[in-house]
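One letter stands for each residue in the lines below.
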Amino acid sequence: MKEYKSVCPYDCPDACGLIVSVENNRVVSVRGNRDHAFTRGTLCPKMAHYEQVVHSPLRLQYPMKRIGKKGIGEDQYIRISWDEALDTIVNNFKETISTHGSESILRYSYAGTMGVIQSPAADYFFRRIGATDQDRGICSPAKQAGFRSIYGDTLAIKPQEAQHSDLIVLWGINATATDVHILHDVNIAKKNGAQVWIIDTHKTYTFNQAHEHIYVKPGSDGALALGMLHIIHRDGLADIDFIKKHVQGYDELVNDVLLDFTPEKASELCGVSVERMIEFAHTYAKAKAPFIRLGSGLSRYGNGAMNCRAINALPAVVGAWQYLGGGLLSSASGSKFVGKEVMQQAHVDAPAKRLMPMIKLGEMLTNPSGTAVHSLYVFSSNPAITAPDQNVVRKGLMRDDLFTVVHERFFTDTCKYADIVLPATTSVEHDDIYNSYGHYTIGTGYKLIDPIGESRSNWQVISELAKRMGLTDEFFKHSERDLIDQIVSASHRISKDDQNLILQGEPVEMTLPENYKLDFKTPSGKIELYNPHDVEPLIRYLPPYGDSAPFWLIIGNDIRILDSSFCELEFDDPELIKLRINPKDAKVYNINDGDEVEIYNNRGSVKIKVYYDEEVQRGTLVTLGVWWQSQSSDPNVAINALTADRPTDQGWGSTFYDVQVHIKKADV
Ligand SMILES: Nc1nc2c(c(=O)[nH]1)N[C@H]1C(S)=C(S)[C@@H](COP(=O)(O)OP(=O)(O)OC[C@H]3O[C@@H](n4cnc5c(=O)[nH]c(N)nc54)[C@H](O)[C@@H]3O)O[C@H]1N2
Ligand SMILES: Nc1nc2c(c(=O)[nH]1)N[C@H]1C(S)=C(S)[C@@H](COP(=O)(O)OP(=O)(O)OC[C@H]3O[C@@H](n4cnc5c(=O)[nH]c(N)nc54)[C@H](O)[C@@H]3O)O[C@H]1N2
Ligand code: SF4
Ligand SMILES: [Mo]
């Protein structure tokens, strides 16, 4: 048996360092790499048995073509050769281009793997053939927009700094499920006497990590943060020296926004009592080095960017940035040391002919403005389950005049709509290099075993398609190893020694410039509470969309799966999906514990079993996970039948939490 270092490839801020044990060309076990600066030797339960994913009997083994009808419940496919599969795709692309124009080809992909090679593997190819490009807005661009409006390109705070904080706020983040390694630092801080507060809409798995909890009404954190800013100003708790030196626009914020935004008004909007808001604001402002870890959930509303911007103003006003342990971590993705430039061939003049927001997949397929889509190439994503407004997405995928290719590790629900299904490798069957969007350590994950069956990596398939489309660019001829070399040597911020270590497979934490936290990379060089370049120069309260229905629906993350990845595993629980309701609300609707109900709005209706839970706030319903159709509570649709494709206020982000529903007992 031999052990190799690698990186967890999934869409998770932790990007854990792995030690993979291999014997006879099989992965036998996986554990955490102790030498990893952030993940420090532990993994989450999802990855504890990665070998079961890699060697799952459900892995796709060879290319297939559809011989039956499209859609859920229909899966008649036969094996074909790679040659036939690739020729069919290329012939279709050529025909689509000549009949409908190149823009009627659409690539749809996301972060099934976060690898710097495999994730953007197709970006340049599809631009080069003139296809419609898709943005990457499904996750949390609004959170980025909120940070950038105030801090521009300032480097993110290193997450390990949290251990030096005396007050940690886990704000809209379910860290036990989604960023578990930050809890390592949280626990060190707690041992040193730090207080931990959680701000969420419901009692999450992370609840027990905190001393104090605040429940807000969904989509209202902007009101809470503005109320706190009012109190901090009113009670003389702002750090005026810091503000004078480092902040632009504090007076404008106070005079034009905060003076009118009383705690009473804030309380009405966010549901937190005035007394509790004062307690939180005082605790926050009096802490020496408060650290906020900001999650993405609260950015997925129609007002998401503005909510995040208001929260981002807090450490500026109390001067948290000047102290070790103080600041706010939104995302470290803006501070990547190895970027996607090499893979995207950013220097080549081949701009996307048309760029569409990915959250609008349904509309693009059914009711496009401009050229209709006739060929769809999906990889590293499962939009039949994870995209919003599922009924419309699936209606589009059902179109007879749409040719769909899905490159996948498993036969997901999206495969059921494919004309051609291609088998994909897992991270231990191809070479890649990984950044993180939660910390500063990068590492390589090299090919450790032969591909399962005839599976191929994203890059292998794309470079083969490029050849068959007649593209002669040198770029497509590179191997994944060549690309890793190019990516590492293109990074000017990594020393030669570190470059060598990375190439040898060691996880390397980047050295940050001294005083980076006070080096504000904005046009003014200051924190911009007033930003003249933003469409809204000042922060203000914006409401979420809502749906004029009585209940907010919280679709939280499930600790057992990651988006719809890991759904291929076996679960003991006979009822994977449940809905939880406050018993007082249930009684109003005559609903008993364990009833099957229908939750619905003008986009769809989902049947689900509901259970009483005193911890659920009134006016909200909670369910966890974006499960495969076969695991869903309703035979026909999954939970995204209820969510909308409405964008966030900035960044064309998704608004998965901005959804309201009606509830009634299901007809039996
Ligand atoms: N186990 C597991 N891990 C995951 C994932 C998964 O599905 N499962 N998904 C991965 C991905 S793609 C991502 S982007 C990250 C996301 O990870 P997080 O940043 O943690 O984002 P979410 O889990 O979507 O939302 C976090 C919390 O926000 C809360 N929330 C919702 N609305 C509001 C609000 O208005 N105000 C406040 N204060 N809180 C609100 C939710 O209840 C939830 O507890 O996690 C990654 N890791
Ligand atoms: N209701 C609701 N919906 C949500 C969310 C939510 O919180 N609530 N979260 C949203 C968020 S934050 C995100 S990021 C999206 C994510 O949505 P998706 O991008 O659809 O993510 P996954 O469901 O994990 O699907 C990734 C797929 O990629 C495949 N894959 C893995 N590695 C490779 C590879 O190397 N090559 C190929 N070809 N395939 C590979 C996996 O088998 C998996 O099926 O979901 C969004 N959907
Ligand atoms: S899913 Fe996240 S926490 Fe789990 S092993 Fe992968 S990177 Fe680490
Ligand atoms: Mo995400």
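Residues numbered from 1 in each chain as written. Chains lettered and ligands numbered in written order. Predicted model: local features only at pLDDT ≥ 70, side-chain atom pairs only at ≥ 80, totals over all residues. Heavy atoms only, no water.

*Asks:* Explain the environment of Phe 126 to me, using residue names and the numbers behind them.
*Replies:* With respect to the helices and strands, the residue Phe 126 is situated in helix H3 (residues 123-128). Given the relative accessible area of 2%, Phe 126 is considered buried. Setting aside chain neighbours within four positions, we find Phe 126 in contact with Phe 93, Ile 105, Arg 107, Ala 131, Tyr 377 and Ile 462. (Helix = DSSP H or I, 4+ residues; strand = E, 2+ residues; numbered from the N terminus. Buried < 20%, exposed > 50% of the residue type's maximum accessible area, 1.4 Å probe, protein only. Contact = heavy atoms within 4.5 Å.)

*Asks:* Outline helix H9 (residues 250-258), listing residues and values.
*Replies:* Residue pairs spaced three or four apart in an α-helix point in one direction, given the helix's 3.6 residues per turn. Of the residues making up H9, those classed as buried are Tyr 250, Leu 253, Val 254, Val 257 and Leu 258. Taken end-on, H9 shows its buried residues confined to a sector of 115°, consistent with a single buried face. Turned more than 90 degrees away from the buried face of H9 sit Asp 251 and Asp 256, all of them exposed. Tucked into the core, H9 has its buried residues touching helix H7 (221-234), helix H8 (240-246), strand S11 (247-248) and helix H12 (304-317). (Arc of directions from axis to C-beta.)

*Asks:* So what's going on with the sheet that holds strand S10 (residues 212-215)? Residues and values would help.
*Replies:* Picture the strands of a sheet paired through backbone hydrogen bonds; they go either parallel or antiparallel. Across the sheet, which stays open at both edges, the five strands sit in the order S10-S9-S8-S12-S13 with parallel pairing between neighbours. Sheet topology places S10 and strand S13 (327-329) at the edges, where each strand pairs with a single neighbour. Neighbouring strand axes in the sheet, compared pairwise and without regard to direction, differ in orientation by 15° on average. Pairing of strand S9 (residues 195-200) with S10, which is carried by four bridges, proceeds in the parallel orientation. Residue pairing in the sheet places Trp 197 in a bridge with Glu 212 of S10. (Pairing = 2+ DSSP bridges. Axes fitted to C-alpha atoms, helices over the stretch in contact; angles between N-to-C directions.)

*Asks:* Account for the UniProt feature "domain: 4Fe-4S Mo/W bis-MGD-type" (unreviewed entry) in the protein chain, naming residues and giving values.
*Replies:* Sites flagged by UniProt as "domain: 4Fe-4S Mo/W bis-MGD-type" (unreviewed entry) map to residues 1-58. Secondary structure content for residues 1-58 is 9% helix and 34% strand, and the end C-alpha separation is 25 Å. (UniProt positions renumbered as here; feature names shortened; annotations may be inferred.)

*Asks:* Report on the site of ligand 2, specifying residues and quantitative values.
*Replies:* Around ligand 2, a shell composed of 28 residues is seen, among which Asn 382, Thr 386, Glu 408, Ser 564 and Ser 565 lie nearest. The side chain of Arg 409 places a nitrogen or oxygen atom 2.9 Å from an oxygen atom of ligand 2. Within the side chain of Asn 458, one N or O atom sits 2.9 Å away from a nitrogen atom of ligand 2. In isolation ligand 2 offers 920 Å² of accessible surface; the protein chains occlude 97% of this area. Its residues assigned to classes, the shell around ligand 2 comprises nine nonpolar, 14 polar and five charged. (Near = heavy atom within 4 Å. Polar contact = N/O pair within 3.5 Å; in protein donor to acceptor, adjacent residues only side chain to side chain. Areas by Shrake-Rupley, 256 points an atom, 1.4 Å probe, with all protein chains shown as cover. Nonpolar A, V, L, I, M, F, W, Y, C, P; charged D, E, K, R; others polar.)

*Asks:* Quick one: what's the story with the packing of aromatic side chains, residue by residue and with numbers?
*Replies:* One pass over the full model with this rule turns up 23 aromatic pairs. Measuring from centroid to centroid gives 4.9 Å for Phe 125 and Phe 126, while their planes differ by 80°, and the two rings are edge-to-face. Taking the relative accessible area as the measure of exposure, Phe 125 reaches 0% and is therefore buried. Ring geometry for Phe 571 against Trp 627: centres 5.2 Å apart, planes inclined by 80°, an arrangement best described as edge-to-face. A residue pair is termed long-range when its members are at least 10 positions apart, and Phe 571 in the loop between strand S22 (551-556) and strand S23 (579-581) and Trp 627 in the loop between strand S26 (620-624) and strand S27 (660-665) qualify at 56 residues. The buried category is assigned to Trp 627, whose relative accessible area is 1%. (Phe/Tyr/Trp six-rings, centres within 6.5 Å; stacked < 30°, edge-to-face > 60°.)

*Asks:* Would you mind going over the environment of Ala 238 in detail, with residue names and values included?
*Replies:* Tracing the backbone shows Ala 238 in the loop between H7 and H8. Other than its neighbours up to four places away in sequence, Ala 238 contacts Ile 232, Ile 243, Tyr 250 and Val 317.

*Asks:* Which residues make up the nonpolar core, and what are the values?
*Replies:* Side chains of nonpolar character tend, in soluble globular proteins, to be buried together. Core analysis: the biggest nonpolar cluster contains 131 residues, and Phe 125 and Trp 171 have the highest contact counts within it. One finds Cys 8, Val 54, Ile 581 and Leu 621 within the second-largest nonpolar core, a separate group that totals 49 residues. (Core = buried A, V, L, I, M, F, W, Y, C linked by side-chain atoms within 4.5 Å.)

*Asks:* I'd like a rundown of the site of ligand 1, residues and numbers included.
*Replies:* As a matter of local geometry, ligand 1 sits amid 33 residues, with Thr 178, Asp 200, Asp 221, Asn 557 and Ile 561 nearest to it. Separating an oxygen atom of ligand 1 from a backbone N or O atom of Asn 174 is a distance of 3.3 Å. Ile 561 places a polar main-chain atom, nitrogen or oxygen, 2.7 Å from a nitrogen atom of ligand 1. When ligand 1 sits alone it has 900 Å² of accessible area, and the protein chains cover 97% of it. Where the shell around ligand 1 is concerned, the elements lending two or more residues are helix H5 (175-178) and S9. For the shell around ligand 1, a count of residues per class yields 15 nonpolar, 11 polar and seven charged.

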